[in-house]
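# Coordinate analysis (summary)
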Amino acid sequence: QVRLVESGGGLVQYGGSLRLSCASSGNIFSFEDMSWYRQAPGDQRDWVATISKRGSTTNADSVKGRFAISRDSAKNMVYLQMNSLKPEDTAVYYCSGRRVVNVEGASVTVWGQGTQVTVSS
């Protein structure tokens, strides 16, 4: 079973930057795509950004122009560079990998344990 481990969270001031890292215990190309999600207290878990196996990226509208997802396949790492942080970005950030498990396209998602990001105003 592949494990995902996030790191890089912390406390940052309004307008600051952080880079989150997600380390995979296996080859990241075993996943069809990898994503970052976030969950604030009392809220649902929201999608933030995705990078596909081919390398294409998509971001949620709320983070466009501020956050960027990337990867280092040689290190089996996925990153989330977060700039111009706002207090509303405060949440636990989760890394995930989606794996297709059959020819019909059914998939399973592997989740990391999350890393806390707190942005002070």
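Structure's up top.
Residues numbered from 1 in each chain as written. Predicted model: local features only at pLDDT ≥ 70, side-chain atom pairs only at ≥ 80, totals over all residues. Heavy atoms only, no water.

### Remarks on the pairing of strand 9 (residues 91-100)
Remember that side chains alternate between the two faces of the sheet whenever the strand is regular. When you tally the buried positions in strand 9, you get seven out of ten residues, the bulk of the element. Direction of pairing for strand 4 (residues 33-39) relative to strand 9: antiparallel, over a ladder of seven bridges. Within strand 9, the residue paired with Trp 36 across the bridge is Cys 95. In the sheet, strand 9 pairs with strand 10 (residues 107-111) via five bridges, with the strands oriented antiparallel. The residue of strand 10 that forms the bridge with Arg 99 is Val 108. Turn length for the strand 9-strand 10 hairpin, with the two strands adjacent in sequence and antiparallel, is six residues, and the turn residue Gly 105 shows positive phi of about 95°. (Buried < 20%, exposed > 50% of the residue type's maximum accessible area, 1.4 Å probe, protein only. Helix = DSSP H or I, 4+ residues; strand = E, 2+ residues; numbered from the N terminus. Pairing = 2+ DSSP bridges.)

### Quick word on empty space enclosed by the protein
Using the criterion set out here, one finds one cavity of 30 Å³ or more in the structure. Here the largest cavity is characterised by a volume of approximately 50 Å³. For the largest cavity, the full set of lining residues is Ile 28, Phe 29, Phe 31, Asp 33, Met 34, Ile 51, Ser 52, Lys 53, Arg 71 and Val 78. When contributions to the lining of the largest cavity are tallied by element, the ones reaching two or more residues are strand 4 and strand 5 (46-52). Along the lines of polarity and charge, the residues of the lining of the largest cavity split into six nonpolar, one polar and three charged. (1 Å grid on protein atoms, 1.4 Å probe; cavity = no way out; pocket = protein on both sides within 12 Å on 5 of 7 lines; lining within 4 Å. Points joined across faces, edges and corners; volume = space filled by probe spheres on them. Nonpolar A, V, L, I, M, F, W, Y, C, P; charged D, E, K, R; others polar.)

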